[in-house]
Amino acid sequence: MTELLSVIVPVHNESAVLGSFHTRMTEVMAETGSAHEIIYIDDGSTDGSAELLSAIRAEDPAVAVIELSRNFGKEIAVSAGLDHARGEAVIVIDADLQDPPELVHTFLREWRDGYDVVYGKRIDRRGETRTKKLTARWFYRVLNFLSDVEIPEDAGDFRLLSRRAVDALVSLPERHRYMKGLYAWIGFPQKAIPYVREPREAGRTHWSYWRLWNFALEGITSFSNVPLKVATYLGVVTSGLALFYGLFLLVRTLIWGNPVPGYPSLIIVMLFLGGVQLICLGVIGEYLARTYQETKSRALYFVKGYHPASSQVRAEDAQE
Ligand code: UDP
Ligand code: MG
């Protein structure tokens, strides 16, 4: 019996590249000499990607398609893929050919050497603006300063996971899935493989700055409680300062009397404290909202249609 490798591909409006992606990916998988399944997760595409995927599946018995009931976002699409993958090793790769499928050979070699998580680390972000690179760099600095697991910078979702790493990820019950953090959090031997990330072959990125900001918030609140503590320290510092200022005012009044100016200092203190309180409330709110969503334990996603790989179906029939 040969081993089975699974490839997970989240797809959201990628009709422009799906064809060439599939050709290249299949070539690579054929070269490995192992049995494989390629699982496409259609994350609520509206550009005909779904039809294209069924056409690809009709041609290739190794292709499985999971259609989500709407657009859930890449993190959840990948989770859906992990839930359905059956291989001994699972490869996660974007459909837009920014991650070179050929790197999978290197991933496999490291996996056979005993690594559970082998991930691509971008050494050159071609086709990305300076501001985007800078904000990304700072985000990782802040995130790693705040959180207790080291989340590698410049590592994307492009990676290979061993069966036990996949089982670990699938067993995590949380609704808020900051995958990059979770990959690091599960532990196991991990290895980074440097590679050059190509510009998108076609189509355009799904990440606006607003979406990136929300993604950053997700990362920080999922992996750090430090912002909650900041409120306490801010409170301690401001009340300390206020105490000293109060003493200073008292002494000044005792010695020189009270000339009743007061308005500027009063308004400054009021505005400052008001601001600090609002910020702290906001921080608590972010965590509270997430706690609320976790306690609802709502399903992570819904599947509109699951079309397993026909090669798999046949293999199962043969077993019965
Ligand atoms: N994607 C998805 N759901 C979404 C957005 C993106 O499944 O809501 C997929 C997309 O089809 C692609 C991958 O996630 O395969 C990465 O998306 P994108 O190229 O926009 O991200 P970037 O490469 O800019 O980080
Ligand atoms: Mg991309």
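Residues numbered from 1 in each chain as written. Chains lettered and ligands numbered in written order. Predicted model: local features only at pLDDT ≥ 70, side-chain atom pairs only at ≥ 80, totals over all residues. Heavy atoms only, no water.

Asks: What am I meant to see in the pattern of salt bridges here?
Replies: Oppositely charged side chains can form a pair if their charged atoms are brought close together. This structure, assessed with the given rule, holds eight salt bridges. Between R112 and E3 there is a salt bridge; the shortest N-O distance is 2.8 Å. With R112 in helix α4 (residues 104–112) and E3 in the segment before β1 (4–11), the pair connects residues that are 109 residues apart, well separated along the chain. In this structure, E153 and R137 form a salt bridge, with 3.0 Å as the shortest nitrogen-oxygen distance. In this pair, E153 sits in the loop between α5 (130–146) and β6 (155–162) while R137 sits in helix α5, placing the two residues 16 residues apart along the sequence. Assessed through its relative accessible area of 23%, E153 is described here as partly exposed. Three or more residues joined by partner-sharing salt bridges are found here, namely K74, D94 and D157. (Salt bridge = Lys/Arg side-chain N within 4 Å of Asp/Glu carboxyl O. Helix = DSSP H or I, 4+ residues; strand = E, 2+ residues; numbered from the N terminus. Buried < 20%, exposed > 50% of the residue type's maximum accessible area, 1.4 Å probe, protein only.)

Asks: I'm lost on the layout of surface pockets in this one. Help?
Replies: Summary: where empty space remains is shown by rolling a probe the size of a single water molecule over the atoms. In this structure, the largest pocket encloses a volume near 1,300 Å³. What lines the largest pocket is a set of 49 residues, and nearest its centre among them are K132, K180, W207, L212 and F215. Counting only elements with at least two residues in the lining of the largest pocket, the list comes to β1, α3 (74–84), β5 (117–125), α5, β6, β7 (190–197), α8 (209–223) and α10 (263–296). No other element matches α8, which puts nine residues into the lining of the largest pocket. Estimated volume of the second largest pocket: approximately 760 Å³. (1 Å grid on protein atoms, 1.4 Å probe; cavity = no way out; pocket = protein on both sides within 12 Å on 5 of 7 lines; lining within 4 Å. Points joined across faces, edges and corners; volume = space filled by probe spheres on them.)

Asks: Sorry, what's going on with the site of ligand 1 here?
Replies: The environment of ligand 1 is formed by 18 residues, the closest being D43, D96, Q98, R197 and H206. Between ligand 1 and H12 there is a distance of 2.8 Å, counted from an oxygen atom to a backbone nitrogen or oxygen. Alone, ligand 1 offers 530 Å² of accessible surface; in the complex the protein occludes 94% of this. Class assignment for the residues of the shell around ligand 1 results in four nonpolar, six polar and eight charged. (Near = heavy atom within 4 Å. Polar contact = N/O pair within 3.5 Å; in protein donor to acceptor, adjacent residues only side chain to side chain. Areas by Shrake-Rupley, 256 points an atom, 1.4 Å probe, with all protein chains shown as cover. Nonpolar A, V, L, I, M, F, W, Y, C, P; charged D, E, K, R; others polar.)

Asks: Would you mind going over the nonpolar core with me for this structure?
Replies: In summary, soluble globular proteins display a tendency toward joint burial of nonpolar side chains. Membership of the largest hydrophobic core comes to 43 residues, with the highest contact counts inside it found for I41, L68, L82, I151, L161, L169 and Y178. In this structure, L161 is in contact with L82, E88, A89, V90, V92, D116, V117, V166, L169 and Y183, ignoring residues within four places of it in sequence. Of all hydrophobic cores here, the second largest spans 30 residues; its members include V9, V11, M25 and L97. (Core = buried A, V, L, I, M, F, W, Y, C linked by side-chain atoms within 4.5 Å. Contact = heavy atoms within 4.5 Å.)

Asks: Any chance you could explain the coordination of the magnesium ion (ligand 2) here in plain terms?
Replies: The textbook angles at a metal center are 109.5 degrees for a tetrahedron of four donors and 90 or 180 degrees for an octahedron of six. Here the magnesium ion (ligand 2) is held by the protein donor atoms D96 (OD) and Q98 (OE1), which lie 1.8 to 1.9 Å from it. The class for D96 is buried, based on a relative accessible area of 3%. (Donors = N, O, S within 2.8 Å, 3.2 Å for Na, K, Ca; no water.)

Asks: Looking at this structure, how should I read the environment of Y140?
Replies: Relative to the helices and strands, Y140 is located in helix α5. Overall, the relative accessible area of 4% leaves Y140 in the buried class. Separated by eleven residues in the primary sequence, Y140 and I151 have C-alpha atoms spaced 7.7 Å apart. Not counting residues within four places of it along the chain, the set of residues in contact with Y140 comprises I151, P152, E153, D154, A155, Y178 and K180.

Asks: Just checking my understanding: could you explain the packing of α5 against α8 for this structure?
Replies: When two helices pack together, their arrangement is captured by the angle between the axes and the distance separating the axes. Orientation of α5 relative to α8, taken along the N-to-C sense of each, is 15 degrees, at an axis distance of 10 Å. On the basis of their axis angle, the class for α5 and α8 is roughly parallel. Relative to α8, α5 is oriented so that their crossing is right-handed. Within the contact between the two elements, α5 uses T131, K132, T135, F139, V142, L143 and L146 and α8 uses Y209, L212, A216, G219 and I220. Residue composition of the contact of α5 with α8, grouped by class: eight nonpolar, three polar and one charged. (Axes fitted to C-alpha atoms, helices over the stretch in contact; angles between N-to-C directions. Parallel < 35°, antiparallel > 145°, perpendicular 65-115°, else oblique. Left-handed = near helix turned anticlockwise from the far one by under 90°.)

Asks: When you look at unusual backbone geometry in this model, what are you seeing that I'm missing?
Replies: Leave glycine aside and you will find that most residues have negative phi; peptide bonds, for their part, are mostly trans. The backbone of L97 shows a phi angle near 65 degrees, a positive value even though the residue is not glycine. Mapped onto the secondary structure, L97 falls in the loop between β4 (89–92) and α4. By relative accessible area, L97 is classed as buried at 4%. Unlike most non-glycine residues, F188 shows phi in positive territory, near 65 degrees. By the secondary structure assignment, F188 is in the loop between α7 (179–185) and β7. On the accessibility criterion, F188 (33% relative accessible area) is partly exposed.

Asks: Teacher, can you tell me more about the pairing of β1 here?
Replies: For a regular strand, the rule is simple: side chains alternate between the two faces of the sheet. Most of β1 sits inside the fold, with eight of its eight residues counted as buried. The two faces of β1 match: L4, S6, I8 and P10 on one face and L5, V7, V9 and V11 on the other face are all buried. Sheet analysis places β1 next to strand β2 (residues 35–42), joined by eight bridges and oriented parallel. Paired with I8 across the strands is I39, a residue of β2. (Pairing = 2+ DSSP bridges.)

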